[in-house]
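# Structure assessment
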Amino acid sequence: MVGQLRSRKAMGIVLKMIEEGQIAGRAILLAGQPGTGKTAIAMGLAQALGPDVPFTMLAASEVYSLEMSKTEALTQAFRRSIGVRIKEETDIIEGEIVEIQIDRPASGTGRKLGKLTIKTTDMETIYDLGEKMIDSLVKQTVQSGDVISIDKATGKVTKLGRSQSRIHDYEVAPKLKFVNCPEGELQKRKEIVHTVSLHDIDVINSRAQGFLALFTGDTGEIKSEVREQINTKVSEWREEGKAEIVPGVLFIDEVHMLDIECFSFLNRALEHDLAPILIVASNRGITTIRGTNYKSPHGIPLDLLDRLLIISTDPYKDEEIYQILETRCKEEDVEIEEKSLQLLTKIGKKTSLRYAIHLITAASIVCSKRKGTKVSIDDVKRVYGLFVDIQRSVQYLKEYQEDYLYNSSTTNE
């Protein structure tokens, strides 16, 4: 990411607080002009947190388009952002595959049989394979030299990686994960950790929807009684040491689109024991709170603003715009001349960064049509003339406003 050093440092402190569990139930506001990287900063936080910490992204306008009440939509988003790390012990077989033999009937039909030779640093054993286990091994595309783990209770096969002893089989190191051959006994008892969200548990325990709703996405409204029972059960698991709560992150973009009812719900939800870290973003200044006639900074009520840690994003400098455009050209495999990139930087400074980024692909197509190898200044000027920015569009409307239908602008006569 380019620029926004102050905002990124602030978000780095927030990340540290999340990792130490010191910010649960609090909220962050990313405020800044359009195109200053607010969403990118939030997505960077999601990447830094890792896959085990739930991260839910929601556009504020989605709350109104779902087939459920606004508060139910926000409740489901909150509970998607709270993880439950469940611990359980299971018996597994873990080792390096020495040899795998699968006997298939010559006729193509009938029962498949096989043998699996697996070892650790201390022992080696041969197992007879049934059809289900053969199918699982084939599905995982395991072969001799792979280190695998087999759950004895479910028969699930997990490929852990390639054995370090096989690294010399490759002249050029492939994109494989190499692991050491396991030590000790083949069969061992291991603690398995599963992370699921509270919303997933809600759906599974909701009689009206059931487990299949997780795949269809049609969860509908879930009764409060179901959630209360689940909260009680999760609390029991925490006391028994079987589970722990993982406060995730709920990111609501364009938060000014929420109305006063939603803001009141957020105020109450943040006080709950099971609350995630709430990050909201807005590009508005002092504007009307939706559903009222009152104005407030960023379109957010003052009582909720008082709860927020506000991180502001600044407009990009010339050298930062240049670096962003250069990076974008590399990502899109666009060869561009130095002077053309400087011109795009000036356009981005004068109009907007997003507009300049849009011109890269358009200029590349114009360049390819003339059989060119690099985007020239003429290519950029051509697309700049074909596609207008907001300022020129507004100027055009002012000049020809009388020719448009339903024109509501007022003119001083």
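The text that follows walks through the structure, step by step, so that each part is easy to find. Predicted model only: the values in this text are computed from it and were never measured. (Residues numbered from 1 in each chain as written. Predicted model: local features only at pLDDT ≥ 70, side-chain atom pairs only at ≥ 80, totals over all residues. Heavy atoms only, no water.)

### Considerations on helix H2 (residues 38-49)
Under the 1.5 Å per step criterion, the end-to-end length of H2 is 17 Å for 12 residues, consistent within 8% with the ideal 16 Å. Within H2 the residues assigned to the buried category are Lys 38, Ile 41, Ala 42, Leu 45, Ala 46 and Leu 49. The buried residues of H2 occupy an angular sector of 145° when the element is viewed end-on, so they sit on one face. Looking one or two residues past H2, Gly 50 carries a phi angle of roughly 90°, positive in sign. (Helix = DSSP H or I, 4+ residues; strand = E, 2+ residues; numbered from the N terminus. Expected span 1.5 Å × (residues − 1). Buried < 20%, exposed > 50% of the residue type's maximum accessible area, 1.4 Å probe, protein only. Arc of directions from axis to C-beta.)

### Details of the environment of Gly 32
Turning to its location among the elements, Gly 32 is positioned in strand E1 (residues 27-32). Along the primary structure Gly 32 and Met 17 are separated by 15 residues, whereas in three dimensions their C-alpha atoms are 23 Å apart. Not counting residues within four places of it along the chain, the set of residues in contact with Gly 32 comprises Lys 38, Ser 282, Asn 283 and Thr 313. (Contact = heavy atoms within 4.5 Å.)

### Here's the deal with the nonpolar core
With 28 residues, the main nonpolar core has Ile 252, Leu 258, Phe 263, Leu 266, Leu 278 and Ile 300 as its most contacted residues. When contributions to this core are tallied by element, the ones reaching two or more residues are E1, helix H4 (70-80), strand E11 (249-253), helix H9 (260-269), strand E12 (277-282) and helix H10 (302-305). When sequence neighbours within four positions are dropped, the list of residues in contact with Leu 258 reads Ala 60, Val 63, Tyr 64, Ile 252, Phe 263, Leu 266 and Arg 290. (Core = buried A, V, L, I, M, F, W, Y, C linked by side-chain atoms within 4.5 Å.)

### A closer look at the pattern of salt bridges
Inspection of every chain in the model, using the stated rule, returns 16 salt bridges. Note that Asp 389 and Arg 392 form a salt bridge whose closest N and O atoms lie 2.6 Å from each other. Residue Arg 392 is classed as partly exposed on the basis of its relative accessible area of 25%. Counted as one network, the salt bridges with shared partners bring together Glu 72, Arg 79, Asp 202 and Arg 227. (Salt bridge = Lys/Arg side-chain N within 4 Å of Asp/Glu carboxyl O.)

### Focus: the pairing of strand E4 (residues 113-119)
In this structure, strand E3 (residues 82-103) lies alongside E4, joined through seven bridges in antiparallel fashion. Paired with Gln 101 across the two strands is Lys 115, which belongs to E4. Taking the residues between adjacent antiparallel strands as the criterion, E4 and strand E5 (residues 124-129) are bridged by four residues. (Pairing = 2+ DSSP bridges.)

Purely spatial values, then, with no claim about function.
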